[in-house]
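Working through the structure, step by step
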Amino acid sequence: MPYFDTASAAPLHPVARQALQASLDEGWADPARLYREGRRARLLLDAAREAAAEAVGCRPDELAFTPSGTHAVHSGMAGVLAGRRRVGGHLVVSAVEHSSVLHAAEVHAAAGGRVEEVPVDRFGRVSASSYAERVGPSTALACLQSANHEVGTVQPVAEVAGVCAAAGVPLLVDAAQSLGWGPVPGNWSVLCASAHKWGGPPGIGLLAVRKGVRFAPQGPADERESGRSPGFVNLPAAVAAAASLRAVRAEADAEAARLRILVDRLRRRVARLVPDVEVVGHPDLRLPHLVTFSCLYVDGETLLHGLDRAGYSVSSGSSCTSSTLTPSHVLRAMGVLSEGNVRVSLPAGTTAAEVNGLLEVLPGLVAGIREQLGVVEPALAADPEAESLELDTLGLRCPQPVIELGRAIGRVPVGGTVTVLSDDEVARLDIPAWCAMRGQVYVGEAPRPLGTAYTVRRAV
């Protein structure tokens, strides 16, 4: 059964498994103790730190092991914000950061800080000039992911780091998705990562803080890991994380070239085989193993279940797979279609036959879901029935409001309008996206006592 969700968690690398077993036998003692077992554990921990620091591109004494990548992000952000509180409380983040960054930003805002989001283009990429416009004398910290976790777009970290350095502002980089493929370029200040993204064990992260960055660890003082990650280090996991990072880096260039060919095939053939699909993310500046696409008029959760039954494990950023029924903040920031969203992230060793198998089952699954939902776009009427129509879709969830819009647009003349009344948050994203795909004009939205009215003008 092909597993195509390494952006969530990669299978445990064989080197990680070997290192984990060996360090469980040899590294169980307290590395702070001076007796034989403690010295042996300390040697293992020091070696792991040196290997991880080499892969990250920092000094060993700048790197701490944390209980997770999320813990690294939260500790890193809190430590820099506290260390630079005299500078100001201004925090700059991109609109497509991982939720761990955005949740930490919410805490900062609730404590009285000011958070400013940097927008992205339709590919999900920021510009260095956008950061330059926002960082200033009162900015305590700027954050930027190295590559997006949902669509794979690689960010201009080196350029943004240069802008931040010129302004005297530290840059924190969430490198969880990219570190296994190579070091993060540029003069970044703080870096966070999570081992289970590159085939290390879960429950271990990395936090690198460059010398010279003002950093005040939060919480009770602790002598371990430079005070940046309190508690007893999970030494076996740290050893396995470092060993697997070194191993995947040794294979990264060859594997990236091979997987990029398979992802290019997916990007081309999905768009050709499945009608009304939007492939999202940057076509060139992207991770080599990840592709995301959205299928118009498709319930995302139903599609993922169908692929699972067919033997393919994939993920989604679609609102329809979330209990909150809100669109993915990444897709929303990009302004792209969110319904029927599928993220495919290939593990090392994926074969062409496995990718071809996914391409064989996908068109039939999408067509079957559309048929179940009654998707039929009528021919454009020669004699439209009204200049304007209003559709009441209150209580209907994605993608039904958009399906109703597709059925109704032919009932008004060119220049006429269709207004969709919806209480589903995803309509705010998917109705404009439908307009872009169908060549129609999105007029705008207006609040109503119940829900929101979205108006579309027929252009073709």
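Above this note sits the structure.
What comes next concerns the included structure. Counting starts from 1 at the beginning of each chain's written sequence and moves along it residue by residue. The model is predicted, so local features are restricted to residues of pLDDT at least 70 and side-chain atom pairs to those at 80 or more, both for listing and for counting; the totals for chains, interfaces and linings are taken over all residues. With hydrogens and water stripped out, all remaining heavy atoms of the structure feed into the side-chain values.

**Some points on the overall build of the protein**
Selection criterion: Secondary structure elements are defined from DSSP: runs of H or I of at least 4 residues count as helices, runs of E of at least 2 residues count as strands, and each element is numbered from the N terminus. Computation of the radius of gyration draws on C-alpha atoms, with the globule rule given as 2.2 Å multiplied by the number of residues to the power 0.38. Buried means the residue's accessible area, taken with a 1.4 Å probe over protein chains only, is under 20% of the maximum for its type, while exposed means over 50%, and partly exposed covers the values in between. Contact criterion: two residues are considered in contact whenever any of their non-hydrogen atoms come within 4.5 Å of each other. All accessible-area figures derive from a Shrake-Rupley calculation using a 1.4 Å probe, and residue coverage is judged against the displayed protein chains alone. Just so you know, the count uses Lys and Arg for positive and Asp and Glu for negative, and it drops His and the chain ends. Think of each charge as sitting on NZ of Lys, CZ of Arg, CG of Asp or CD of Glu.
In terms of regular secondary structure, the protein is built from 12 helices and 14 strands. The C-alpha radius of gyration computed for the protein amounts to 24 Å, which stays within 12% of the reference 23 Å derived for 460 residues, consistent with globular compactness. Summarising its shape, the C-alpha atoms of the protein cover approximately 90 × 55 × 35 Å along the three principal directions. For the protein, the residues scored as buried account for 55% of the 460 residues in total. Partitioning the contacts of the protein with sequence separation of at least 6, the portion at a separation of at least 24 is 73%. Summing over all exposed atoms, the protein offers an accessible surface of approximately 18,700 Å²; the carbon and sulfur share of this is 54%. Averaging the positions of the 43 positive and the 48 negative side-chain charges in the protein gives two centres separated by 6 Å.

**With respect to helix H7 (residues 235–273)**
Note the cut-off: Given a helix with a known number of residues, its expected span is that number minus one, times 1.5 Å. To get the bend at a residue, fit one axis to the 7 residues ending there and another to the 7 starting there, then take the angle between the axes.
When the terminal C-alpha atoms of H7 are compared, their 48 Å separation across 39 residues is substantially less than the 57 Å that a helix rising 1.5 Å per residue should span. Helix geometry: H7 is bent most strongly at Ala-252, by close to 55 degrees.

**Observations concerning the pairing of strand S1 (residues 63–66)**
Note the cut-off: In short, DSSP must find at least two bridges between two strands for them to pair.
Across the two faces of S1 the burial is the same, with Leu-63 and Phe-65 and Ala-64 and Thr-66 all buried. Pairing geometry for S1 and strand S7 (residues 205–209), over four bridges, is antiparallel. Within S7, the residue paired with Leu-63 across the bridge is Ala-208.

**Some points on unusual backbone geometry**
In this structure, the amide linkage connecting Cys-398 to the following residue, Pro-399, adopts the cis form with an omega of 5 degrees. Its identity as a non-glycine residue notwithstanding, Ser-226 has a phi of 55 degrees, on the positive side. Within the secondary structure layout, Ser-226 lies in the loop between S7 and H7. At Asp-276, a position not held by glycine, the phi torsion is positive, near 55 degrees.

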